[in-house]
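# Geometric and topological summary
For reference, the chains in residue letters:
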Amino acid sequence: MSFATRGFAGHRREPDDRLPPGQTLVQRWPVLSAGPTPNVHTDTWDFVIRDESGTEHHWSWEQLLALGVEDVTVDIHCVTHWSKLDMSWRGVSLDKLFENVEAEYDYVMARSYGGYTTNVPLEDLLDGKAWIAIEAEGEPLDPEHGGPARLLVPHLYFWKSAKWIRGLTVMPTNDPGFWEQYGYHIYGDPWKEERYW
Ligand SMILES: Nc1nc2c(c(=O)[nH]1)N[C@H]1C(S)=C(S)[C@@H](COP(=O)(O)O)O[C@H]1N2
Ligand SMILES: [Mo]
């Protein structure tokens, strides 16, 4: 915690200014899973985007990587009040995956191995805002953190970043996912403290 006055911070964005309301910084990266960690192997990994016509677009692990992996450094914010700043990730931009998918519906249900789901507006996954992450902090993603691949949507609370991601289903209405059905906010903007609804 810094107790410096904002006025002395100058133009640099201090950690305090990067902390959404009600959040506390952590150094260690907590594990939060609603169920057991599923065993997901890259040799059988199959990622699918189901578009509005019902057509399924599939990518194997090799096909995913062939789309191009990029480095991203982002802050993440969990609804349980912890934030971790400047996390370095590697992943494939969802723009790459959606390049050849016809999607005019406005919403997406993210689906994970193990059954977890979470809903996100499609526009929140595009224009460089979301990735299929395969590495964090220089290491392949730990199984307990969603390895081999998880969704990364850092501008929303971290429950939207579905671990063990297996696919996205485009949908016409904003249907609630797993935590959203239990009262988590339908959108989840940490800067507006959209925790519950
Ligand atoms: N498949 C799946 N993804 C999930 C969850 C989960 O239980 N299952 N928990 C969510 C929640 S509430 C949070 S805060 C983050 C935690 O990710 P971490 O364990 O890597 O910190 O994953 C999100 N993604
Ligand atoms: Mo969470």
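In this report, we go over the structure that sits alongside the text. Residue indices begin from 1 for each chain and proceed along its sequence in written order. Labels are handed out in written order, letters beginning with A for the chains and numbers beginning with 1 for the ligands. Only residues with pLDDT of at least 70 are given local features in this predicted model, and only at 80 or more are side-chain atom pairs given and counted; all residues enter the totals for whole chains, interfaces and linings. Note: side-chain values were computed over all heavy atoms of the structure, leaving out hydrogens and water.

### Let's talk about the overall build of the protein chain
Convention followed: Helix and strand labels come from DSSP, where a helix needs a run of H or I of at least four residues and a strand needs a run of E of at least two; each type is numbered from the N terminus. Both definitions apply: the radius of gyration is a C-alpha atom measure, and the globule rule equals 2.2 Å times residues to the power 0.38. A simple rule labels every residue: compare its accessible area, found with a 1.4 Å probe on the protein chains alone, to the largest value its type can have, and call it buried under 20%, exposed over 50%, or partly exposed in between. Only heavy atoms matter for contacts: two residues are in contact if any of them lie within 4.5 Å across the pair. Method for areas: the Shrake-Rupley scheme with a 1.4 Å probe, in which residue coverage is limited to the protein chains shown. In this tally, Asp and Glu contribute negative charge and Lys and Arg positive charge; neither His nor the terminal groups of the chain are included. For charged residues, the charge sits on one atom: NZ in Lys, CZ in Arg, CG in Asp, CD in Glu.
Each helix and strand counted, the protein chain has 3 helices and 11 strands in total. Traced from its N-terminal end to its C-terminal end, the protein chain shows the element sequence β-β-β-α-β-β-α-β-β-β-β-β-β-α. Over its C-alpha atoms the protein chain spans a radius of gyration of 17 Å, differing by no more than 12% from the 16 Å that the globule rule assigns to 197 residues. With the principal axes as the frame, the protein chain shows a C-alpha extent of 55 × 35 × 35 Å. Sorting the 197 residues of the protein chain into buried and exposed places 48% on the buried side. Counting only contacts in the protein chain whose residues sit at least 6 apart along the sequence, the fraction spanning at least 24 positions is 66%. Per element, the accessible surface of the protein chain, about 10,200 Å² overall, is 50% carbon and sulfur. Side chains of the protein chain give 17 positive and 31 negative charges; the mean places of these two sets differ by 6 Å.

### Things to note about the site of ligand 1
Counted only if it meets this: The rule for a residue being near a molecule or strand is that one of its heavy atoms must lie within 4 Å of it. Here a polar contact is recorded for every N or O atom pair within 3.5 Å, except that within protein the pair must consist of a potential hydrogen donor and a potential acceptor, and residues adjacent in sequence are included only if both atoms are side-chain atoms. Gly falls in the polar group here, along with every residue not listed as nonpolar (Ala, Val, Leu, Ile, Met, Phe, Trp, Tyr, Cys, Pro) or charged (Asp, Glu, Lys, Arg).
Of all residues adjacent to ligand 1, which total 19 residues, the nearest are Pro30, Ala34, His145, Arg150 and Lys163. Residue Trp29 places a side-chain N or O atom 3.0 Å away from an oxygen atom belonging to ligand 1. Between a nitrogen atom of ligand 1 and a side-chain N or O atom of Ser112, the distance comes to 3.4 Å. Taking 530 Å² as the accessible area of ligand 1 by itself, protein coverage stands at 97%. Counted by class, the shell around ligand 1 contains 13 nonpolar, 4 polar and 2 charged residues.

### Things to note about the side chain of Thr117
Within the secondary structure, Thr117 sits in strand β7 (residues 117-121). Judged by its relative accessible area of 15%, Thr117 is buried. With residues up to four places along the chain from it excluded, the contact list for Thr117 reads Met109, Ala110, Arg111, Gly177, Phe178, Trp179 and Glu180.

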